[in-house]
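What follows is the residue order along each chain.
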Amino acid sequence: MPKQSIRTNLTTKWAFAYLIALLILLFAMTIGISFGSVPVPIPVLIQIIGKEIFHLPISADPDVMLTNIVMNIRLPRVLLAGLVGASLAIAGAAFQGLLRNPLADPYTLGISSGASVGAVLTIFLNISLPFIGLYTLPALSILCSVLTMLCVLTFAKKMDRSMKVETIILTGIIFSSFLSAFISLMIALTGDELRQIIGWLMGSVSMRGWNYIVIILPFFIIGSLTLIMNTSELNAMTFGEDRAKHLGVNVKRRKMWILIAGSTLTGAAVAVSGAIGFVGLVIPHFVRKIWGPDHKHLLPLSLLIGGGFLILADFVARTITAPSELPIGVITSLIGAPAFALILLKRRREG
């Protein structure tokens, strides 16, 4: 087959992949904003978005109540769920590529638990750092997630100098269990903050508002761009660190950048929504199965589909038992835990 024809086919393939991912995200956002206890018809939704965000001249003013529902409740909630899902999915895809194992994700590596400790400490001790104020919660969550990642890698190296992936994941589970016990201790000691901490730990994007979008957005942009700029290096490291070195990759430096960027995304996501498991495990695995392991496309596609997935999970969480709400982490765990078991079973059979 001529090279030009191969390039055309590849371009068409990736254009179709991104179109599907964007349609999933757009569909999820439309469903998440339109449906609820008070339905917002799609034509009215388009009018509200056009007037309030794009300042388009609208002949008839939309209903004030519907405008408030969309702009102050549902739109920030949907955007926050999308940013959290995108952050966890792209971080999971990067960790899986770096460690060459589809079982790696922020949840199984203990990074989510580390971020949770940082967030719970901030809430428990009512910490507010000078100069950063609003960003104290994500800053301490990110710091704890990075420290946890470094502790996991250091301990895994002590156990096994070759640092097999299974050793790293088992170490992550050990640290996750220990940190969960530490969080339980803080909950046992707390008073008035008990409800806030428990509600936060169960995972939710309910009633967060635009402030939380402001908190996560800069970390999301920096972390995602850092990972996307390292996609070629991730592709090289898929064949092993020695091969990557022969290809001219500074493995130690690139690995550190990828780990810090993934931990930053995880810490910021956990800070605004609580610990939501398995998004970083299921979505990259799903995308890799359909479109292949090339990280140049795997990471952006995981980002888009991860955002859409968590928006839909949040929609199910708030409607399936209406008028009460389920924690969003319950929905993702119901989907993710069986998927984790199937991936593990498949790896055992292949091994």
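As the structure is a prediction and not an experimental result, all values here were calculated from the model.

Some words on the overall build of the chain
And step 1. A count of helices and strands for the chain gives 14 helices and zero strands.
And step 2. Mapped from its N terminus to its C terminus, the chain presents α and β elements in the order α-α-α-α-α-α-α-α-α-α-α-α-α-α.
And step 3. A compact globule built from 351 residues should have a C-alpha radius of gyration of about 20 Å, and the chain, at 21 Å, falls within 12% of that.
And step 4. Principal-axis analysis of the C-alpha atoms gives the chain an extent of 65 × 65 × 40 Å.

Focus: the pattern of salt bridges
And step 1. Taken as a whole and assessed by the stated rule, the structure comprises three salt bridges.
And step 2. Across the salt bridge formed by Glu233 and Arg254, the nearest N and O atoms sit 3.7 Å from each other. With Glu233 in helix H9 (residues 231-237) and Arg254 in helix H11 (residues 251-273), this pair connects stretches of sequence that are 21 residues apart.
And step 3. Residues joined in a network through salt bridges with shared partners are Arg77, Asp314 and Glu325.

A word on a positive patch on the surface
And step 1. Residues Lys157, Lys158, Arg161 and Lys252 make up a contiguous surface patch of positive charge.
And step 2. Following the sequence through the fold, Lys158 ends up in helix H5 (residues 136-159).

A word on the packing of helix H2 (residues 42-52) against helix H3 (residues 64-99)
And step 1. Running from N to C, H2 and H3 cross one another at 75 degrees; their axes reach a closest spacing of 10 Å. In terms of orientation, H2 and H3 fall into the roughly perpendicular class. The residues of H3 that touch H2, namely those facing Val44, Leu45, Ile48, Ile49 and Glu52, are Leu66, Thr67, Val70, Met71 and Leu75.
And step 2. For the contact of H2 with H3, the residue count by class is eight nonpolar, one polar and one charged.

Observations concerning a nonpolar patch on the surface
And step 1. Residues Leu143, Leu147, Leu150, Met256 and Ile260 make up a contiguous nonpolar surface patch of roughly 400 Å² in combined accessible area.
And step 2. Residue assignment for the nonpolar patch shows that the elements contributing at least two residues are H5 and H11.
And step 3. Considering the arrangement of structural elements, one finds Met256 in helix H11.
And step 4. The class for Met256 is partly exposed, based on a relative accessible area of 38%.

Section: the packing of aromatic side chains
And step 1. By the definition in use, this model includes four aromatic pairs.
And step 2. Plain terms: the ring middles of Tyr135 and Phe219 are 6.1 Å apart, the flat faces sit at 65 degrees to each other, and that makes the pair edge-to-face. One end of the pair, Tyr135, is in the loop between helix H4 (111-125) and H5; the other, Phe219, is in helix H8 (residues 210-228), with 84 residues separating them in the sequence.
And step 3. Take Tyr135: its relative accessible area is 27%, and that puts it in the partly exposed class.
And step 4. Judged by its relative accessible area of 19%, Phe219 falls in the buried class.
And step 5. On the basis of an interplanar angle of 75 degrees and a centroid distance of 5.9 Å, the ring pair of Phe155 and Phe175 is categorised as edge-to-face. Here Phe155, found in helix H5, pairs with Phe175, found in helix H6 (residues 165-189); they are 20 residues apart in sequence, far enough to count as distant.
And step 6. When its relative accessible area of 37% is taken as the criterion, Phe155 is described as partly exposed.

The rules behind each value
Residues numbered from 1 in each chain as written. Predicted model: local features only at pLDDT ≥ 70, side-chain atom pairs only at ≥ 80, totals over all residues. Heavy atoms only, no water. Helix = DSSP H or I, 4+ residues; strand = E, 2+ residues; numbered from the N terminus. Rg over C-alpha atoms; globule rule 2.2 N^0.38 Å. Salt bridge = Lys/Arg side-chain N within 4 Å of Asp/Glu carboxyl O. Patch = residues over 30% accessible without salt bridge, like charges linked within 9 Å, V, L, I, M, F, W, Y side chains within 5 Å. Areas by Shrake-Rupley, 256 points an atom, 1.4 Å probe, with all protein chains shown as cover. Lys, Arg positive; Asp, Glu negative; His and termini not counted. Charge placed at Lys NZ, Arg CZ, Asp CG, Glu CD. Axes fitted to C-alpha atoms, helices over the stretch in contact; angles between N-to-C directions. Parallel < 35°, antiparallel > 145°, perpendicular 65-115°, else oblique. Contact = heavy atoms within 4.5 Å. Nonpolar A, V, L, I, M, F, W, Y, C, P; charged D, E, K, R; others polar. Buried < 20%, exposed > 50% of the residue type's maximum accessible area, 1.4 Å probe, protein only. Phe/Tyr/Trp six-rings, centres within 6.5 Å; stacked < 30°, edge-to-face > 60°.

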